[in-house]
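Listed below are the residues making up each chain.
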Amino acid sequence: MFSKETYIRRRAELRKLVGNGVIVLFGNNEAPYNYPNNSYAPMRQDSSFLYYFGQHRDGLVGVIDIDNDEEWLFGDDIDVEDIVWMGFTPTVSDLAAEVGISKTAPMANLAKMVNSQWSMVNKHFLPPYRHDTKIQIMDLLGIHPSKQKEAASLPLIKAVVKMRATKEPQEIAIIDSACDVGYVMHTTAQMLIKPGVTERFIGGQVDGIARSLANGTSFATIFSQHGEIMHGNPSEAPLEKGRLVLCDAGCELEDYCSDHTRTMPVNGKFTQRQLEIYSIVEACHDYVLEVAKPGVKYMDVHFAVCRMMTEHLKELGLMKGDTDEAVRAGAHAMFLPHGLGHMMGMDVHDMEGLGQIYVGFNDETRPNLEQFGTNCLRMGRKLEEGFVVTDEPGIYFIPALIDEWKASGHCKEFLNFEKLETYKDFGGIRIEDDVLITKNGCRFLGTKRIPYHPDELEEFMAQ
């Protein structure tokens, strides 16, 4: 939690950007795991509520009455029975005072005030993503859950994106620390990798570090020998000599995230074929660090990486034809079916629930939702100082995709399907780091670099 002045300043800026009406920001409630009193733990507060109201307790709603220059925190104080089980919790008025709010009321009063003093003004809310919040909005505003995404306030969405996209120095410091925990997570995995150890065991160790050194993982850990599956969760399969294993994992520390990916040879040494593909991904990853800076469109960086990748894959005989034409046709998406990266901050895919068209794009830069692969580009807009983005190129050999494109002849003038057949057992490679856009360029986040250059990675694993 930051200083009281931080939240006062943020809410004041939000009022200016939205302009009029009443802003309603819903905090999250406990979410039952498999029966009412067994909840997912720890409870995760809504990120935008945290950004402006700072409190982690469940069952809170923050209201900013722009026209009357009033701020409210709604919630119910817990009773003695809850204290017996959960311990002492400050009153709602105490929580409000910690973030510079003087007006509080029980949750039941929120509906009364919405239907009385706020009945005739614009009510701004963000797109909900939890079913209980959707029910709450329906009860308060009479908007059916199926219509709430469209009814969400565009001025509020744009204001929140504008503010949260540019990270303050105090936020950057925490992300640096979260990335340092990420270093421990990934290097621990690298030290444990050897034939016979199960994916689940190493994945569990990675998760344990996140829970021991931070608040937990920032997303479900991916640890799999099937690196061609984008979200391959750990299985009971033992690691096999000669295969690659991909680890995509991050932590959440003081409400901010890390997100890294490394791909390792199970027996600690790359084969020649693995090294050829790995070196392409490595070059694409490092190229981003050379060119990402304020004023550069991340979409342009993405397609520059795609052209670089295509050139190298042509050298290996996996692609052919004119590079620019191949990329325009989307042939590279056979190997890279996702975007180069995404915003990161309080959410690992920062603010993505607000609508990617507003977060990773803007009126100047629009997404292409028609072309396979390009439609998964999450970040395309011009970079600005203070943005935090991921740099995560990859090359994947997905048997089902190879079969489908081969059968249909899709991009056959740019792809060597005969040679692709021999890579169906390869898996996939991704290298990912978190990058801060600085005044004149960019830098890695975190004080330690998780080994990824082939020689240093092999040397580290050999220890």
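Let me sum up the structure you'll find in this document. (Residues numbered from 1 in each chain as written. Predicted model: local features only at pLDDT ≥ 70, side-chain atom pairs only at ≥ 80, totals over all residues. Heavy atoms only, no water.)

This part covers the nonpolar core. Counting 140 residues, the largest nonpolar core has Leu-14, Phe-74, Ile-277 and Phe-335 as the members making the most contacts within it. Setting aside residues no more than four positions away along its own chain, Phe-335 makes contact with Leu-313, Leu-318, Met-319, Gly-394, Ile-395, Tyr-396, Phe-397, Leu-415 and Leu-420. (Core = buried A, V, L, I, M, F, W, Y, C linked by side-chain atoms within 4.5 Å. Buried < 20%, exposed > 50% of the residue type's maximum accessible area, 1.4 Å probe, protein only. Contact = heavy atoms within 4.5 Å.)

One pass over the full model with this rule turns up 25 salt bridges. Across the salt bridge formed by Asp-248 and Arg-430, the nearest N and O atoms sit 2.9 Å from each other. Here Asp-248 is found in strand 9 (residues 244–249), whereas its partner Arg-430 is found in strand 15 (residues 428–430), with 182 residues between them in sequence. For Asp-248, a relative accessible area of 7% translates into the label buried. One salt-bridge network, held together by shared partners, links Arg-9, Arg-10, Glu-168 and Glu-171. (Salt bridge = Lys/Arg side-chain N within 4 Å of Asp/Glu carboxyl O. Helix = DSSP H or I, 4+ residues; strand = E, 2+ residues; numbered from the N terminus.)

We now examine empty space enclosed by the protein. Applying the stated criterion to the full structure yields 2 cavities of 30 Å³ or more. In this structure, the largest cavity spans a volume of roughly 90 Å³. Lining of the largest cavity is provided by Met-1, Phe-2, Tyr-7, Arg-10, Leu-50, Tyr-51, Gly-54, Ile-174, Glu-254, Asp-255, Tyr-256 and Met-346. Within the residue set of the lining of the largest cavity, elements represented by two or more residues are helix 1 (4–18) and helix 2 (47–53). Empty space within the second largest cavity amounts to approximately 30 Å³. Lining of the second largest cavity is provided by Val-24, Phe-26, Val-114, Lys-123, Phe-125, Leu-140 and Leu-141. Listing elements by their share of the lining of the second largest cavity, those giving two or more residues are strand 1 (22–26) and helix 6 (131–141). Residues of the lining of the second largest cavity, tallied by class, amount to 6 nonpolar, no polar and 1 charged. (1 Å grid on protein atoms, 1.4 Å probe; cavity = no way out; pocket = protein on both sides within 12 Å on 5 of 7 lines; lining within 4 Å. Points joined across faces, edges and corners; volume = space filled by probe spheres on them. Nonpolar A, V, L, I, M, F, W, Y, C, P; charged D, E, K, R; others polar.)

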